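Take a look at the letters that make up each chain.
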Amino acid sequence: MMSVLYNDYFWLFVGFFGQFVFFLRFILQWWASEKEKKIVIPKGFWYLSIAGTIVILIYSIHIHDIVFITAQILSLGIYFRNLSFK
C-alpha cells in the first residue's frame, strides 16, 4: 500500500515539476524583456521549453495520455526549430 502511494506521489511530482520548468520560461522571458526594455525571447526560453516538454512527455507516457503525448512531441519539433534560429 505504501509503495503504491509513494509511486503516485512521485509521478505527481514529475508532472508538476515539468509544468514548473515550462512555467519558468515565461519568467525568463519577462525578465529579459524588462532588462532590454523591449520584448525579447532569449535562447534560454527555448531550452526551458524543451526541458519542460520532455518532463511532461515522460509524465504523459506514464499516464498513457495520447493527447498530451502527441502535443508534447509536436511541440518539441517547434522548439528545436526555433532554437536553431537563435
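Use the structure listed above.
Just so it is clear, the structure is predicted and the values come from calculations on it, not from any experiment. (Residues numbered from 1 in each chain as written. Predicted model: local features only at pLDDT ≥ 70, side-chain atom pairs only at ≥ 80, totals over all residues. Heavy atoms only, no water.)

Trainee: Would you mind going over the overall build of the protein chain with me for this structure?
Mentor: Helix and strand content of the protein chain: three helices and zero strands. The N-to-C order of helical and strand elements in the protein chain reads α-α-α. Whereas a compact globule of 86 residues would reach a radius of gyration of roughly 12 Å, the protein chain reaches 15 Å, over 25% beyond that. Looking at the protein chain as a whole, 34% of its 86 residues are labelled buried. Restricting to contacts in the protein chain with at least 6 residues of sequence separation, those with at least 24 account for 57%. Approximately 6300 Å² of the protein chain is accessible, and the part contributed by carbon and sulfur atoms is 75%. Measuring between centres, the 7 positive side-chain charges of the protein chain sit 16 Å from its 4 negative side-chain charges. (Helix = DSSP H or I, 4+ residues; strand = E, 2+ residues; numbered from the N terminus. Rg over C-alpha atoms; globule rule 2.2 N^0.38 Å. Buried < 20%, exposed > 50% of the residue type's maximum accessible area, 1.4 Å probe, protein only. Contact = heavy atoms within 4.5 Å. Areas by Shrake-Rupley, 256 points an atom, 1.4 Å probe, with all protein chains shown as cover. Lys, Arg positive; Asp, Glu negative; His and termini not counted. Charge placed at Lys NZ, Arg CZ, Asp CG, Glu CD.)

Trainee: Explain the environment of V40 to me, please; I cannot follow it from the model alone.
Mentor: Mapping V40 onto the fold places it in the loop between α1 (2-36) and α2 (43-62). C-alpha separation for the pair V40 and L28, spaced twelve residues apart in sequence, amounts to 10.0 Å. Apart from residues lying up to four places away in sequence, V40 is in contact with Q29, A32 and S33.

Trainee: Even after reading the chapter, I still don't get the packing of aromatic side chains, so can you show me in this structure?
Mentor: Given two aromatic rings, one states the distance between the centres and the angle between the planes to describe the pair. Considering all chains together, one arrives at seven aromatic pairs under this definition. A ring pair is formed by F10 and W11, whose centres lie 5.2 Å apart and whose planes are at 80 degrees; its orientation type is edge-to-face. Overall, W11 belongs to the buried group, its relative accessible area being 19%. Here F22 and Y79 contribute two aromatic rings whose centre-to-centre distance is 6.3 Å and whose plane-to-plane angle is 50 degrees, an arrangement assigned as tilted. Of this pair, F22 sits in helix α1 while Y79 sits in helix α3 (residues 66-85), and the two are 57 residues apart along the sequence. Aromatic rings pair up to connect F22, F26, F45, W46 and Y79 into one cluster. (Phe/Tyr/Trp six-rings, centres within 6.5 Å; stacked < 30°, edge-to-face > 60°.)

Remember that the coordinates give geometry; whether it matters functionally is a separate question.
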